[in-house]
Amino acid sequence: GGQEPTRVELAHHLLDSMLGQYFARSEGFRGLRDSEAESGPEREPGRVNFQVVWLHWWSNLEKEVREAIKPEIKAVYDTRCSSLFYRSKLHFRSIFMGHGQGPEKALSIQHLQTLCDDGIWALYQSRPNSLTAGGSGVLSWERFWEDTQPILKAAIKDHIRRVVKDEMQIKFTDFRRRFHEVFRQVDEHTEGVIQAPAYLQALKHSPLAELLDLQSPNRDGAVKDAGPVAQNGFLAPHQ
């Protein structure tokens, strides 16, 4: 049967919408819209044969959108670092409170490892620290957290930075594929160069049309504000 979309699928859909808006408002894309406006009798001389050379066009477009999206990505990165840090802290604390001995809730590192979530333990162990290298002594929650906090913060920052970078690479590769599929439909002789108005028309009839806000001709190039997406974190935070 038809399943409900998962949180991750919804998040990817949000990211698609947000990136679509950035592509739609980019200079590279405005050039395409202008080419259509200027292919009528009012056109400026010199703009008649505005062409899209695929390699240059995509390379400039990607560079521009990656630069424009940086503040959103930073907001997502910060949100996800905080989220994972606090979840990890609560996880460690609940283990000490539930299994620690005596008023100090003392626990050995070995025992802690057997009770800890694998993903959180991997983060904790990813940086050298005196506790995991130490002997079999027991630690109070206070002492453990005091020593662990800076290690965990640094490990989480490294981890989330890698994850977000990989996710963005996947998304840009996917958008490149989708833009190029439409380009190839127009580029019948595989020359890597097509007329801009023809490309714009093809995009209007492609699955990208909605993402790029190309469906309503009277919008005058206006695009929706993509701002609030990052506040929600456009991809579900995970370890």
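Residues numbered from 1 in each chain as written. Predicted model: local features only at pLDDT ≥ 70, side-chain atom pairs only at ≥ 80, totals over all residues. Heavy atoms only, no water.

Draft legend 1. Spotlight on the confidence of the model for the chain. Confidence along the chain averages 83 in pLDDT terms, with 79% of residues attaining 70 or more. Between residues 218-239, whose pLDDT stays under 50, and residues either more than four places distant or in other chains, the model counts 60 contacts. (pLDDT = per-residue confidence, 0-100. Contact = heavy atoms within 4.5 Å.)

Draft legend 2. Broad picture of the nonpolar core. Ranked by internal contacts, the top residues of the largest apolar core, which has 55 residues, are Phe23, Phe92, Phe179, Tyr199 and Leu203. Secondary-structure elements contributing two or more residues to this core are α1 (7-24), α2 (27-37), α3 (54-68), α4 (70-99), α5 (109-115), α6 (118-125), α8 (141-186) and α9 (196-204). The greatest single-element share of this core, amounting to 13 residues, is contributed by α8. The residues contacting Tyr199, other than those within four sequence positions of it, are Leu32, Val52, Trp54, Trp57, Phe179, Val182, Phe183, Val186 and Ile194. (Core = buried A, V, L, I, M, F, W, Y, C linked by side-chain atoms within 4.5 Å. Buried < 20%, exposed > 50% of the residue type's maximum accessible area, 1.4 Å probe, protein only. Helix = DSSP H or I, 4+ residues; strand = E, 2+ residues; numbered from the N terminus.)

Draft legend 3. Quick look at the packing of aromatic side chains. Evaluation of the coordinates by the stated rule reveals 22 aromatic pairs. Judged by centre distance (5.3 Å) and plane angle (55 degrees), the ring pair of Trp54 and Phe183 falls under tilted. Of the two residues, Trp54 is situated in helix α3 and Phe183 in helix α8; the sequence distance between them amounts to 129 residues. Each member of the pair, Trp54 as well as Phe183, is classed as buried. Residues Tyr124 and Phe144 carry aromatic rings whose centres are separated by 5.7 Å and whose planes lie at 50 degrees to one another, so their mutual orientation is tilted. Of this pair, Tyr124 sits in helix α6 while Phe144 sits in helix α8, and the two are 20 residues apart along the sequence. One exposure class covers both Tyr124 and Phe144, and it is buried. A cation over an aromatic ring shows up here: Arg66 above the ring of Phe172, its NZ or CZ 4.3 Å from the ring centre. (Phe/Tyr/Trp six-rings, centres within 6.5 Å; stacked < 30°, edge-to-face > 60°. Lys NZ or Arg CZ within 6 Å of the ring centre and 35° of its normal.)

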